[in-house]
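# Reading the structure
The residues making up each chain are set out below.
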Amino acid sequence: MTRVRAVELRLVGLPLVRPFRTSFGTSTEKVCILARIETEHAEGWGECVADLEPDFSSEWNGSVWAALEDFLVPALLRAGDVSAEDLDRVFGSVRGNRMAKATLIDAFLDAELRERGESLASYLGADRDRVACGVSIGIAETTDMLREQVEGYLAEGYRRIKLKIEPGIDVERVAAVRADHPDIMLSVDANAAYSLDDVDVFRALDAHRLLMVEQPLHFEDVVQHAALQRQVRTDLCLDESIRSAADAAGAIELGACRIVNIKQGRVGGVLEARRVHDVCRDAGVPVWCGGMLETGIGRATNLALAAMPNFTLPGDTSGSARYFLDDITEPFVLAPDGTMGVPQGPGIGVTPREDRLEACTSRREVCGT
Ligand code: NPG
């Protein structure tokens, strides 16, 4: 148990090495909120997965900053001696706002673990010190440009290729990549861009032996996903629709997916992510670690999670160079065999480099003493 003395919030921005286009928009810059929590004996870091606009989820940097400043940080500063497991209760009067809560829960847990010298991976029960990595490729301008990117990432060692798709830019692209690489682990992610009227697209994708089709339908739906899963052979995976362990249990029960993407920030932090992992494990549903273009802070957190036993599929845990010329932490490097080391130091095992942090910060606020 420890008391939070102060919380420092920063808005940081880093240019992406190449624009990232999905069915909901194009990003050229990673802009996110970082929290640094100071407790009695340690400090800890958390990265928020929200983005510039409420496009992937209803939360965005503006709403997260407000939720933190107006409600969550004051609640934490008032809470007295607490442990990370108490924070759901501390934040209990605030509904939703999971990405905002995750930022503080992860930062507090990081501080708690640093204080006792335990790594996040060990705390979560990780059973590996390296994890297999995949890469997510944005919608390319042309099929040939996509094929070239796939070639490049495979040469770097990535173990699974995920293609972003949208209506009209789907089957032909998948067919081209599959023809080039008959045996790779290949998946697609629609980010909720289709409807049940598009079932023929998914039937056509069945021919290409995809590892999964991720979030084809509405971002809050499970019932229609269950209907789609009954009509296609390929495993469906849910991302946006899963906001909690309860959501995962319901989706599995309904037959809406056979695989779950766990993004700790989307579900309210690593503690809820562990509960999602456990629900899926108990139901025999494999999970993998999603990514949201995180800087080294969020990446370290994701790698620890991805080392848990039921994370049996390669995650969107790519090397820092896939996103940034110069990360804010020491860069994470993909080994030629397509794996990455899980940080073993106390907490998340990394901290921002002071000069990079200052250079990337556009807004800063300290709450508490
Ligand atoms: O490698 O971090 C990564 C990107 C993986 O495709 C990826 N993320 O829909 O899963 C997604 C997508 C995303 C990125 C969503 C940023 C929202 C923001």
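Structure's up top.
Structural notes, computed from the coordinates. (Residues numbered from 1 in each chain as written. Predicted model: local features only at pLDDT ≥ 70, side-chain atom pairs only at ≥ 80, totals over all residues. Heavy atoms only, no water.)

A separate point is the nonpolar core. By size, the foremost hydrophobic cluster in this structure holds 117 residues, and its most contacted members are Leu 104 and Leu 163. Residue contacts for Leu 104: discarding those within four places in its chain leaves Val 7, Ala 35, Ile 37, Leu 68, Leu 72, Val 73, Leu 76, Leu 87 and Phe 91. In this structure, Met 212, Ile 259, Trp 288 and Leu 313 belong to the second largest nonpolar core, which totals five residues. (Core = buried A, V, L, I, M, F, W, Y, C linked by side-chain atoms within 4.5 Å. Buried < 20%, exposed > 50% of the residue type's maximum accessible area, 1.4 Å probe, protein only. Contact = heavy atoms within 4.5 Å.)

Quick look at the sheet that holds strand β7 (residues 185-189) now. Across the sheet, seven strands lie side by side as β5-β6-β7-β8-β9-β10-β11; this open sheet has parallel pairing. Edge positions in the sheet fall to β5 (134-137) and β11 (287-289), since each has one partner strand and no second. Pairing of strand β9 (residues 236-238) with strand β10 (residues 259-262), which is carried by two bridges, proceeds in the parallel orientation. By the bridge assignment for β10, Leu 238 is matched with Val 260. (Pairing = 2+ DSSP bridges. Helix = DSSP H or I, 4+ residues; strand = E, 2+ residues; numbered from the N terminus.)

Regular strands show a simple pattern: their side chains alternate between the two faces of the sheet. As paired strands, strand β1 (residues 4-22) and strand β2 (residues 25-39) are joined by 14 bridges and run antiparallel to one another. Each residue of the ladder has a partner; that of Arg 21, found in β2, is Thr 26. Following β1, the chain reverses through two residues before pairing antiparallel with β2. What sits between the antiparallel neighbours β2 and strand β3 (residues 43-47) is a turn of three residues.

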